[in-house]
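Understanding the architecture of this molecule
Here's the letter readout for the chains.
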Amino acid sequence: MAAAKLMDYDKALELFEPVLGFEVHVELNTRTKMFSDAPNPANDEYHGAEPNTLIAPVDLGLPGSLPVVNATAVRSSISLGLALGCSIAESSRFARKNYFYPDLGKNYQISQYDEPIAFEGSVEVELEDGTLVTIPIERAHMEEDAGKLTHMGGATGRIQGAEYSLVDYNRAGVPLVEIVTKPIFGAEHRAPEIAKAYIAAIRDIVRGLGISEARMERGNLRCDANVSLRPRGQEKLGTRTETKNVNSMRSVERAVRYEIQRQAQILADGGTIIQETRHWHEDTGTTSPGRPKSDADDYRYFPEPDLLPVRPPRELVEELRAALPEQPVARRRRLKAEWGFTDLEYQDVRNSGLVDVVEATIAAGTTPGAARKWWTGEIARIANTQEREVTALVAPADVAAVQKLVDEGTLNDKLARQVLEGVIAGEGTPQQVVDARGLAVVSDDGALIAAIDEALTSQPDVLAKIKDGKVQAAGAIIGAVMKAMKGQADAARVRELVLERAAQS
Amino acid sequence: MRHLGVLARIKLTDDEVTQLTGQLDVIVDNIAKVSEVATPEVPATSHPIALANVFRPDEVGQTLSPEQTLQNAPDAADGRFRVTAILGEEQ
Amino acid sequence: MRDIIRMTAAELGERLSAGELSSVEATQAHLDRIAAVDADVHAFLHVSEHALAAAADIDSRRAAGEQLGAIAGVPLAVKDVLVTTDQPSTSGSKILEGYMSPFDATVVARSRAAGLIPLGKTNMDEFAMGSSTEHSAYGPTRNPWDLDRIPGGSGGGSAAAVAAFEAPLALGSDTGGSIRQPAHVTGTVGIKPTYGGVSRYGAIALASSLDQVGPVTRTVLDAGLLHDVIGGHDPKDSTSLEEQWPSFAEAAREGSAGQVLKGLKVGVIRELPDSGFQSGVAASFHDALRLMEAQGAEIVEISAPHFEYGVAAYYLILPAEASSNLAKFDSVRFGLRVTPGGNPTVEDVMSATREAGFGPEVKRRIILGTYALSAGYYDAYYGSAQKVRTLIQRDFDEAFAQVDVIATPSAPTTAFRIGEKIDDPLQMYLNDLTTIPANLAGVPGISIPSGLAEEDGLPVGIQFLAPARQDARLYKVGAALEAVLLDSWGAPLLDKAPILGGTR
Ligand SMILES: [Mg+2]
Ligand SMILES: [Zn+2]
């Protein structure tokens with residue numbers, strides 16, 4: 001297939017207004033599946049199981065099997081709905097979405113249709129420069145995941161050209177919450193960035209709630225991105241495409257940008273956009289057409305007769321609301337104020353994903369400034385050279401312990417960096433590294449005085465200047481003493497003693 | 001009718017198409033009949049005995065063994081169910 | 001000793017616990033009977049090769065002093081709609097030929113736990129779609145009263161097995177009358193419990209909001225004994241009720257002891273005139289009512305204006321739910337697979353399999369159901385039908401404010417001839433006229449024999465309906481009338497059935 005012609009991005013934005021929409025599927029990490037008591041592979045404990053080993057009868061749609069709703073999945077869904085600022089339905093029910101596909105054991109998906117568990121909410125997302133954007137949420141509903149198909153015998157491992165396919169139903173029945181946004185207007189040139197930030201916000205929310213492992217590479221979080229364009233000044237929405245299979249935050253950003261450029265070119269050439277699903281290809285950074293929206297979308301929804309309505313008691317809703325963690329954006333805003341960072345300092349911390357560790361380091365007794373300095377400075381530098389995740393290098397408590405040794409005068413900055421290196425190298429706690437490497441500053445005044453006296457004696461001209469009141473001349477003596485002490489001295493103390501000894505001589 | 005056959009995944013013969021087309025009237029008649037009394041103010045009953053909030057604790061139960069899982073499979077390979085080419089796309 | 005196969009389950013249970021009879025003897029007697037008559041009746045699709053071993057196990061446990069239930073060791077026939085681990089489960093369809101379930105239906109598991117001996121799987125209309133068992137993919141079952149006639153349906157196999165003394169007890173399922181109507185045409189007893197009273201787990205679903213499993217027997221007491229075994233809450237079925245149920249066997253005993261009919265208010269539906277029934281059916285019904293009146297019952301005319309919409313609602317709801325429930329039969333995980341020539345896609349294979357594996361009645365209902373749920377029609381079709389359920393429930397509520405039970409003939413006609421109505425689905429549908437309202441509203445219903453129709457000498461049943469959760473009332477009233485009728489007949493009605501297989 002020939003590559004699509006793409007319009008220059010800025011040009012596209014000049015001519016058209018992009019309108020976005022997202023459907024995000026979150027796999028819950030409950031112990032068992034949505035409708036069966038089989039282990040849930042979206043829970044870390046069961047991830048990576050052999051094919052078809054996490055199976056209860058209903059996951060295969062075996063004759064006579066029946067679904068029963070997982071209580072924890074309902075609680076998680078309500079919590080997520082509340083975190084999205086949604087109303088929780090007084091009465092909610094399941095529905096069957098009927099379509100034939102080999103990964104769907106019953107050939108219907110139990111989902112929700114006219115009565116979702118949560119509806120009408122909004123999420124605040126924060127862009128890299130700190131701008132806040134509000135994403136309107138249409139609904140969040142409970143449903144089950146399908147099994148997994150592996151296409152065999154083709155050259156690409158893709159469905160096209162495959163000779164046959166193999167089905168693993170482990171994932172069939174994994175609890176999902178599908179979050180659907182309303183159309184998002186006003187994104188303009190920041191549309192790709194907003195897309196990425198929205199997915200990041202959902203990830204942060206479900207992580208904060210602890211209801212999903214939220215690992216995009218495992219499919220715990222999956223995004224379908226809807227993009228449409230309308231000519232400037234036009235009221236009516238353009239035809240949208242739904243790009244599926246966009247499974248990293250970077251891809252979401254790229255896919256939205258790509259669709260804007262692709263659609264703009266077609267429209268500018270006088271063509272029309274077909275309402276269709278499109279597939280994102282990570283390798284080429286392009287989308288390709290899937291099936292057009294058509295008869296296949298006749299899902300023949302009807303209320304699931306095997307399941308009863310879910311009517312969340314108001315006390316439960318309030319209990320879950322009270323237990324909600326602070327919203328990520330609100331939390332970040334609060335922390336910024338508490339820490340007293342400048343906008344730039346704060347963005348540096350946030351964009352490097354260091355908010356959590358900085359917060360933990362402060363909680364362990366470090367000042368905000370010192371915590372920020374360590375993480376964005378020395379630790380980030382080491383992570384960079386070692387090509388490792390910053391937050392995985394060292395525990396916030398150890399960073400706080402190092403800073404404490406500095407504050408106590410046991411370490412100076414240079415020694416502290418060495419101690420940190422030792423901790424990262426796995427040599428033990430900061431105190432252990434100090435002991436093992438013998439890195440503590442020399443606090444024995446006797447040894448310092450001996451070194452000072454020696455330096456003063458060997459540089460009588462300097463001594464004379466100091467005695468003359470030219471205090472800044474002491475620097476030469478301090479430097480010599482520090483050198484003699486191999487840096488393991490507290491420079492401030494040395495300075496104090498130098499002035500004292502000079503006066504006495 | 002052919003469309004219904006596709007939706008229901010039943011390959012229909014020409015005879016069946018003719019026969020069943022006539023029978024769609026049954027549905028039309030039934031709807032006409034229920035419409036006489038199914039007025040907007042009447043609530044629908046989807047479960048004859050009204051219950052709500054029937055849940056299961058999130059506890060792992062007994063799973064099927066791989067042998068049980070595949071015991072009725074028309075075709076299987078590599079611990080999985082095997083089907084012919086899909087020639088469609090993933091949902 | 002009386003012929004084992006003619007004993008009731010209650011009697012067998014007593015003799016077994018008294019040590020006068022072993023379960024192996026009881027089971028063997030029924031296996032022999034099956035061997036003798038089932039070639040003619042064709043009640044069974046499969047006869048269990050494990051029955052005698054299960055019986056021997058019960059005998060040895062009893063010999064070891066284990067306390068067993070009231071009907072432990074008694075043989076049981078199981079409708080093929082119920083999945084079983086030790087025998088194939090086909091629901092009367094080619095698409096499931098040879099299917100072996102990795103789990104037992106809850107009612108089967110409970111029956112085994114109570115010491116009942118599964119004898120085999122009984123024939124039925126394919127996926128329980130029908131009222132005659134002519135729609136079984138494995139050939140029709142014949143009515144023991146006249147082998148040229150239908151045994152009712154969909155559970156014709158279970159009813160015929162019980163009527164032909166091939167089993168004292170059977171399990172059935174009732175979506176629109178599939179337990180009660182076969183009872184009516186075979187001179188046996190059948191109960192559709194309150195929706196949710198008996199677990200549906202392991203019953204191959206036809207229409208989930210209508211299906212209910214229940215007992216098929218020759219006496220009301222036997223039905224109560226079986227109901228006590230299979231009933232009660234099952235966490236595997238979300239629609240299962242959590243109540244503590246009274247003993248239905250006790251209710252039946254109380255009913256047969258007398259006094260229950262005195263002062264009982266029996267509702268008769270104004271909108272079901274005699275003209276809607278075969279004359280012998282109507283006559284038998286009125287005879288039964290007169291007997292009840294003679295025992296002190298009061299017959300009260302009630303109105304159920306929405307019952308006439310029941311059939312239309314039923315034939316919107318049922319195909320819709322069935323079309324979805326039967327989607328799982330797609331050749332991927334179990335069941336038949338038909339692979340057409342060429343380079344077939346999965347879609348081709350699925351369509352060819354379902355074309356070959358489903359019978360015409362099943363295809364018809366799937367297509368109608370698909371239509372009824374298709375784009376834009378849900379509210380008008382399925383949704384409107386669900387409103388009729390509300391109206392019928394209201395009719396019941398109003399009626400039961402005035403009467404204790406409602407009585408109707410169980411079905412409009414006696415058993416018709418095999419083939420007589422098979423090409424007339426509409427006529428067949430009307431067969432369920434009196435039974436459908438109970439399924440739509442979820443209330444329990446019982447059919448017991450009321451006599452024979454004058455004009456053809458074939459059995460007729462009377463149906464009683466009670467408010468939801470009042471199943472025990474049906475056992476009391478049913479057993480009370482049964483006792484009065486037995487008194488008037490001098491012998492069970494089935495004694496008048498023709499001799500089968502020469503062993504009578
Ligand atoms: Mg979607
Ligand atoms: Zn979804």
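Residues numbered from 1 in each chain as written. Chains lettered and ligands numbered in written order. Predicted model: local features only at pLDDT ≥ 70, side-chain atom pairs only at ≥ 80, totals over all residues. Heavy atoms only, no water.

A tally of helices and strands in chain A yields 18 helices and 15 strands. Relative to a compact globule of 505 residues, whose C-alpha radius of gyration would be 23 Å, chain A shows 31 Å and is clearly more extended. With the C-alpha coordinates aligned to their principal axes, the bounding extent of chain A is approximately 100 × 55 × 50 Å. Scored against the burial criterion, the 505 residues of chain A give a buried share of 55%. Taking contacts inside chain A between residues at least 6 apart in sequence as the whole, the part at least 24 apart equals 68%. For chain A, the distance from the average site of its 59 positive side-chain charges to the average site of its 75 negative ones is 2 Å. (Helix = DSSP H or I, 4+ residues; strand = E, 2+ residues; numbered from the N terminus. Rg over C-alpha atoms; globule rule 2.2 N^0.38 Å. Buried < 20%, exposed > 50% of the residue type's maximum accessible area, 1.4 Å probe, protein only. Contact = heavy atoms within 4.5 Å. Lys, Arg positive; Asp, Glu negative; His and termini not counted. Charge placed at Lys NZ, Arg CZ, Asp CG, Glu CD.)

With that out of the way, let us pick up the coordination of the zinc ion (ligand 2). Residues and elements named next belong to chain A. Only His25 (NE2), Glu143 (OE) and Glu178 (OE) from the protein reach the zinc ion (ligand 2) as donors, at distances of 1.9 to 2.1 Å. Going along the chain, you hit the donors of the zinc ion (ligand 2) in the pattern H-x117-E-x34-E. Between the zinc ion (ligand 2) and the magnesium ion (ligand 1), a spacing of 4.0 Å is present, and a bridge between the two is formed by glutamate 178. One end of the pair, glutamate 143, is in strand β7 (residues 132-144); the other, glutamate 178, is in strand β10 (residues 175-181), and 35 residues separate them in sequence. (Donors = N, O, S within 2.8 Å, 3.2 Å for Na, K, Ca; no water.)

Turning to the domain arrangement of chain A, a few remarks are in order. As far as domains go, chain A holds domain 1 (9-319), domain 2 (328-437) and domain 3 (445-504). Here domain 2 of chain A and domain 3 of chain A have C-alpha centroids that lie 33 Å from each other. (Domains from an automatic or database assignment.)

This part covers helix α11 (residues 346-357) of chain C. In this model α11 of chain C runs 16 Å from its N-terminal to its C-terminal C-alpha over 12 residues, within 8% of the 16 Å that 1.5 Å per residue would give. For α11 of chain C, every residue scored as buried is listed here: Val346, Val349, Met350, Ser351, Ala352, Thr353, Arg354, Glu355 and Gly357 of chain C. Looking at the buried positions of α11 of chain C, the neighbouring elements they touch are α2 (14-35) and β3 (80-84) of chain B together with α12 (360-373) of chain C. (Expected span 1.5 Å × (residues − 1).)

Turning our eyes to something else, we now look at the pairing of strand β11 (residues 221-231) of chain A. All names here are of chain A. Judged by how many residues are buried, β11 sits mostly within the fold: 10 of 11 residues are covered. Note that β11 and strand β12 (residues 241-246) share four bridges and pair antiparallel. In the sheet register, valine 227 faces β12, and the bridge partner there is threonine 241. (Pairing = 2+ DSSP bridges.)

Assignment of secondary structure puts serine 410 of chain C in the loop between β9 (405-409) and α14 (425-430). Within the structure, the side chain of serine 410 of chain C is placed 2.7 Å from the side chain of serine 447 of chain C, a separation counted as a polar contact. (Polar contact = N/O pair within 3.5 Å; in protein donor to acceptor, adjacent residues only side chain to side chain.)

All names here are of chain A. Where helix α17 (residues 474-484) contacts helix α18 (residues 491-504), the two axes come as close as 10 Å, and the packing angle between them is 125°. If you check the angle between α17 and α18, you find them oblique. Handedness of the crossing formed by α17 with α18: right-handed. Facing Ala474, Ile477, Ile478, Val481 and Met482 of α17, the residues of α18 in contact are Ala491, Val494, Arg495, Val498 and Leu499. (Axes fitted to C-alpha atoms, helices over the stretch in contact; angles between N-to-C directions. Parallel < 35°, antiparallel > 145°, perpendicular 65-115°, else oblique. Left-handed = near helix turned anticlockwise from the far one by under 90°.)

Glancing now at the interface of chain A and chain B. If you look at the interface, chain A gives 61 residues, while chain B gives 36 residues. Counting the surface lost from both chain A and chain B, the interface buries some 4,100 Å², and carbon and sulfur atoms represent 58% of this. On the chain A side of the contact with chain B, Phe100, Leu166 and Leu308 of chain A bury the most area, a combined 14% of that side's loss. The tally of links from chain A across to chain B stands at zero salt bridges. Applying the counting criterion to the chain A and chain B interface returns 21 residue pairs in polar contact (both at pLDDT 80 or more). Those elements giving two or more residues to the side of chain A that touches chain B turn out to be α2 (57-60), β2 (69-70), α3 (71-83), β8 (148-152), β9 (164-168), β13 (276-281) and β14 (286-292) of chain A. Broken down by element, the side of chain A that touches chain B gets its largest block of residues, five residues, from β9 of chain A. Pairing of β9 of chain A with β3 of chain B involves four bridges; the strand directions are antiparallel. Of the residues in β3 of chain B, the one forming a bridge with serine 165 of chain A is valine 83 of chain B. (Buried area = accessible area lost by both parts, 1.4 Å probe. Salt bridge = Lys/Arg side-chain N within 4 Å of Asp/Glu carboxyl O.)

Across the sheet, which stays open at both edges, the three strands sit in the order β5-β4-β15 (chain A) with antiparallel pairing between neighbours. Only two strands of the sheet have a single partner each, and these edge strands are β5 (108-111) and β15 (302-303) of chain A. For strand β4 (residues 95-98) of chain A and β15 of chain A, the ladder comprises two bridges, and the chain directions are antiparallel. Its bridge partner being in β15 of chain A, alanine 95 of chain A is matched across the sheet by proline 303 of chain A. Its contacts with the sheet put helix α10 (residues 310-325) of chain C on β4, β5 and β15 of chain A, and the angle it makes with β4 of chain A is roughly 65°.

On the side of chain B, 51 residues touch chain C, which itself brings 65 residues to the contact. Contact with chain B buries surface across chain C, with Tyr309, Ile367 and Lys387 of chain C losing the most and accounting together for 13% of the total. Linking chain C with chain B are three salt bridges. For the salt bridge of glutamate 16 of chain B with lysine 363 of chain C, the shortest nitrogen-to-oxygen distance reads 3.0 Å.

Another aspect to go through is the pattern of salt bridges. All names here are of chain C. Across all of its chains, the model carries 72 salt bridges over all chains by this definition. The residue aspartate 57 makes a salt bridge to arginine 61 at a minimum N-O spacing of 3.5 Å. Taken as a pair, aspartate 57 and arginine 61 lie in helix α3 (residues 51-63) at a separation of four residues, close to a single helical turn. Using a relative accessible area of 25% as the deciding quantity, one classes arginine 61 as partly exposed. The residue aspartate 104 makes a salt bridge to arginine 112 at a minimum N-O spacing of 2.8 Å.

Regular strands place their side chains on alternate faces of the sheet. Residue and element names in this part refer to chain C. Burial runs high along strand β6 (residues 213-217): five of the five residues are buried. Bridging between strand β4 (residues 169-173) and β6 involves five bridges; their strand directions are antiparallel. Of the residues in β6, the one forming a bridge with glycine 172 is glycine 214.

Our next topic: the nonpolar core. Counting residues in hydrophobic clusters, the biggest one holds 137 residues, and the most contacted among them are Leu82, Val107, Phe127, Phe329, Phe358, Phe396 and Ile406 of chain C. Apart from residues lying up to four places away in sequence, phenylalanine 396 of chain C is in contact with Phe307, Ile406, Pro437, Ala438, Ala441, Val443 and Leu465 of chain C. In terms of nonpolar packing, the next biggest core, distinct from the first, is built from 73 residues, Phe35, Ile205, Leu221 and Ile260 of chain A among them. (Core = buried A, V, L, I, M, F, W, Y, C linked by side-chain atoms within 4.5 Å.)

For the rest of this paragraph, the subject is the sheet that holds β3 of chain B. Spatial ordering of the open sheet is given by β8(A)-β9(A)-β3(B)-β2(B), a layout of four strands whose pairing is antiparallel. Taken across any chain shown, the strands that pair with only one partner, and hence form the sheet edges, are β8 of chain A together with β2 (76-77) of chain B. Of the pairings in the sheet, the one linking β8 of chain A to β9 of chain A comprises five bridges and is antiparallel in character. Looking at β9 of chain A, one finds that histidine 151 of chain A is bridged to serine 165 of chain A.

Attention shifts here to unusual backbone geometry. The step from glycine 153 of chain C to serine 154 of chain C runs through a cis peptide bond, and the omega angle for that step is 5°. Relative to the helices and strands, serine 154 of chain C resides in the loop between β3 (117-122) and α5 (156-163). Phi at asparagine 52 of chain A is positive, roughly 55°, even though this residue is not glycine. Mapping asparagine 52 of chain A onto the fold places it in the loop between β1 (16-27) and α2. For phenylalanine 127 of chain C, which is not a glycine, the phi torsion comes out positive at approximately 50°. Relative to the elements of secondary structure, phenylalanine 127 of chain C occurs in the loop between β3 and α5.

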